[in-house]
Amino acid sequence: MAQSAMEYLMTYGWAILVIAIIVSLLFALGLFSGGAGTPSRCTPQSGFSCTNPSYGTNGISATISQDSGQYYLGAWVFVASSSEHISSSGLPVNFSASSANNMLYIGQLGPSQSTTFYYTNAKAGAIPTANVPVGYPFTGDVWLGYCTTPGCDSPTSFAKVGTINVKNSGIGFSGGSSTTISVTSTSTSSTSTSTTSTSSTIHYAAITLTNSQSSSTGTDFQQMINITSSTCSSCAAYENLNLSNVEFTTGPANTGTVLYAWIENGTSNTAAKTTVWVNLGSNTITASGAQTIYMNFLPMSSNAPVTSGYTGYAPQKYCAAANCMQTAYGQYDNGPRVFSFYDDFSGTSLNATKWPTSYGAVTINNMLRLNYNQGGTSSAVISELISNPQILEYAVAPGTILSNDQGSGIGSSQGSWDFIYNGYGFENRGFYTDLRLKVQTNGASNYILSTGSDTATVGTVFSLMWPATDTESIWENYVQQGSTQTDSSQTYLSSNHVILENYGGNNDVLTAYWVRTRIFPPNGQMPSANFGSIV
């Protein structure tokens, strides 16, 4: 009998122990408390959807969407305990709309879009995360701060998305937010080299580039694309605040080859006009032909086009606000990948490879500064050799003082000569408020054009075009000043230098954000860019 009893205990003892452990765990999870059997849930407000709520060791997660029919062009999420008192403004009393620490920026939230947010901090001071046992219950409200007009830096309106009832799972999760666009795409194509994820459907707009000239663009052509409410009326609704979710490819959505693009101005979805330069790579626009590229809109939370280096910003387009993508000068400037020759003068020293020769008072401090000193000393930087034909351009930076002559040009340099020895250049003449195009022959100047339109304000882009013998022109903000000149005194060479110089009057200053060269378009005419509807 004793042996039989022992065998019984050995046989069923382990099973009894396992059952005891399971019961203990169920108690720990709170399944036998007053809220026993209640699943995690999120009860949405009218016009919103709220699903998949989760409470971990470091915060709250849920998936939200809205079907109000409007686009929230800037959106933030925050979570607050339902036990908090509501102030006269309708918000939890511990919430401060002026503090970015309260909110999680999720970008745009429009119809047919959903966002899974990870609210990892007790931003409103009402989500217990420290020393919270498994099964600890939390009831709270999900709030949406938003703008109905694009480009705001903080929300102007607020709405309660829903109420969540969850219990601590004892599992942590990483922060951030992820956005999935649920619109179905009909496109299929070959293997993609895009930065996009194949798990999400990506909206896109086809852009038809039409070359009306009798010659093709050639390879690595830099195409200008202007995005406005008239050229693409719906673009702003699919762009995040910084345009960091925008990429250009040879195929729609997540197909085709990614093209390098550089945003010169309008680096926000609120801008009246955004100017983008896209390097077409090996894709040419034939004479009297067309080429289609695609502007893709990745999920709102995606910064992949910018962080990968395919989409970049002009160096001066940065800010210190919490929702800015580029927070330092030139942080995401990919100009060298887009243009033939490029320098944004970031840092504090001149790039000796790009500019092997310089004279006088040349200062680099996140832009170029050329001083003309009291003693009559001019200053200049002379580039490495570049291939022709090219368009030379630079952007005026703060601190420029034009009382006499400052300029840039393209041509050859000789010895200690600190400006073009043979070639063409133009002068900004602030005191005389005019621009001059001149030819240099063995160091001697001859003015061949003078226009009374010099307005060298910050951001002005000056251009010199010398595509071939007998064809020279100067441009201000991409508008030709005066007529095309037909001087033939200079032989068109296969390579030349870029030269910037300040040789004006006492205490004159010439500053530049960036200097670049780009390929001359067919017969001087940029191919047109026409947007299709967003798919």
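Starting afresh in each chain, residues are numbered from 1 along the sequence in its written order. Note on the predicted model: pLDDT of at least 70 is required for a residue's local features to be given, and 80 or more for side-chain atom pairs to be given and counted; whole-chain, interface and lining totals, by contrast, use all residues. Remark: hydrogens and water are excluded; side-chain values derive from all non-hydrogen atoms of the structure.

Visitor: Could you clarify how one ought to interpret the confidence of the model for the chain in this entry?
Guide: A low pLDDT score tells you not to read the predicted coordinates there in detail. Residues with a pLDDT of 70 or more make up 75% of the chain, whose mean pLDDT is 79. Confidence of the predictor at the level of single residues is given by pLDDT, which spans 0 to 100. By the convention used here, residues are in contact when the closest approach between their heavy atoms is within 4.5 Å. Low pLDDT (under 50) marks residues 25–37, which in the prediction has 16 contacts with non-local residues, meaning those over four places away or in another chain. Scored below 50 in pLDDT, residues 196–200 shows nine contacts in the model against residues more than four places distant or in partner chains.

Visitor: How should I be thinking about the sheet that holds strand 15 (residues 273–279) in this particular structure?
Guide: Hydrogen bonds between backbone atoms are what pair the strands of a sheet, whose relative direction is either parallel or antiparallel. For two strands to be treated as a pair, DSSP must find at least two bridges joining them. Labels follow the DSSP assignment, with helices taken as runs of H or I lasting at least four residues and strands as runs of E lasting at least two, numbered in each case from the N terminus. Sheet architecture is open: four strands sit in the order 11-15-14-17, paired in mixed fashion. Strand pairing shows two members of the sheet lacking a second neighbour, strand 11 (222–228) and strand 17 (311–313), which therefore form its edges. Shown here is a sheet whose adjacent strand axes are inclined to one another by a mean of 25 degrees, direction ignored. Sheet topology places strand 14 (residues 261–265) next to strand 17; three bridges connect them, and they run parallel. Within strand 17, the position partnered with Ala261 by the bridge is Thr311. Between N-to-C directions, angles span 0 to 180 degrees; the directions come from axes that are lines fitted to C-alpha atoms, helices contributing only their stretch in contact.

Visitor: Is there a simple way to think about the layout of surface pockets in this case?
Guide: A probe matching the size of a water molecule, rolled over the atoms, marks out where space remains unfilled. Only protein atoms enter the 1 Å grid used here. Points where a 1.4 Å probe fits but cannot escape make up a cavity, open sets with protein on both sides within 12 Å along at least five of seven lines make up a pocket, and a residue lines them when an atom lies within 4 Å of a point. Grid points are joined across faces, edges and corners, and a volume is the space filled by probe spheres set on the points. When its volume is computed, the second largest pocket comes out at roughly 230 Å³. Lining of the second largest pocket is provided by 14 residues; of these, Glu264, Asn265, Gly459, Val461 and Tyr478 occupy positions nearest its centre. Where the lining of the second largest pocket is concerned, the elements lending two or more residues are strand 11, strand 14 and strand 15. Side-chain classes are defined by residue name, with Ala, Val, Leu, Ile, Met, Phe, Trp, Tyr, Cys and Pro counting as nonpolar, Asp, Glu, Lys and Arg as charged, and the others, Gly among them, as polar. Counted by class, the lining of the second largest pocket contains five nonpolar, six polar and three charged residues.

Visitor: For this particular structure, what's the right way to read the packing of aromatic side chains?
Guide: Centre distance and the angle of the planes are the two values used to describe a pair of aromatic rings. Paired rings are identified among Phe, Tyr and Trp, the last through its six-membered ring, by centres lying within 6.5 Å, and are further divided according to the angle between planes into stacked (under 30 degrees), edge-to-face (over 60) and tilted (the rest). Across all of its chains, the model carries 19 aromatic pairs by this definition. When the centroid spacing of 5.7 Å and the interplanar angle of 55 degrees are considered together, the rings of Tyr55 and Phe138 count as tilted. Of this pair, Tyr55 sits in strand 2 (residues 48–56) while Phe138 sits in strand 7 (residues 137–147), and the two are 83 residues apart along the sequence. Between buried and exposed lies partly exposed: a residue is buried under 20% and exposed over 50% of the maximum accessible area for its type, with that area taken using a 1.4 Å probe on protein chains only. The class of Phe138 is buried, set by a relative accessible area of 4%. Each ring is checked for a lysine NZ or an arginine CZ that lies within 6 Å of its centre and within 35 degrees of its normal; such an atom marks a charge sitting over the ring. The ring of Tyr447 is capped by Arg436, whose NZ or CZ atom sits 4.5 Å from the centre of that ring.

Visitor: What am I meant to see in the pattern of salt bridges here?
Guide: When their charged atoms lie close together, side chains carrying opposite charge are able to pair. For this document, the term salt bridge refers to a Lys or Arg side-chain nitrogen within 4 Å of an Asp or Glu carboxyl oxygen. Scanning the model with the defined rule gives five salt bridges in all. The partner of Glu264 in a salt bridge is Arg516, with the nearest N and O atoms 3.4 Å apart. With Glu264 in strand 14 and Arg516 in strand 32 (residues 509–519), the pair connects residues that are 252 residues apart, well separated along the chain. Each member of the pair, Glu264 as well as Arg516, carries the same accessibility label: buried. In this structure, Glu427 engages Lys438 in a salt bridge whose closest nitrogen and oxygen atoms are separated by 2.9 Å. Here Glu427, found in strand 25 (residues 422–429), pairs with Lys438, found in strand 26 (residues 434–441); they are eleven residues apart in sequence, far enough to count as distant. Of the two residues, Glu427 and Lys438, neither departs from the other in class, the shared state being buried. Here the residues in one salt-bridge network are Glu264, Glu393, Arg516 and Arg518, joined through shared partners.

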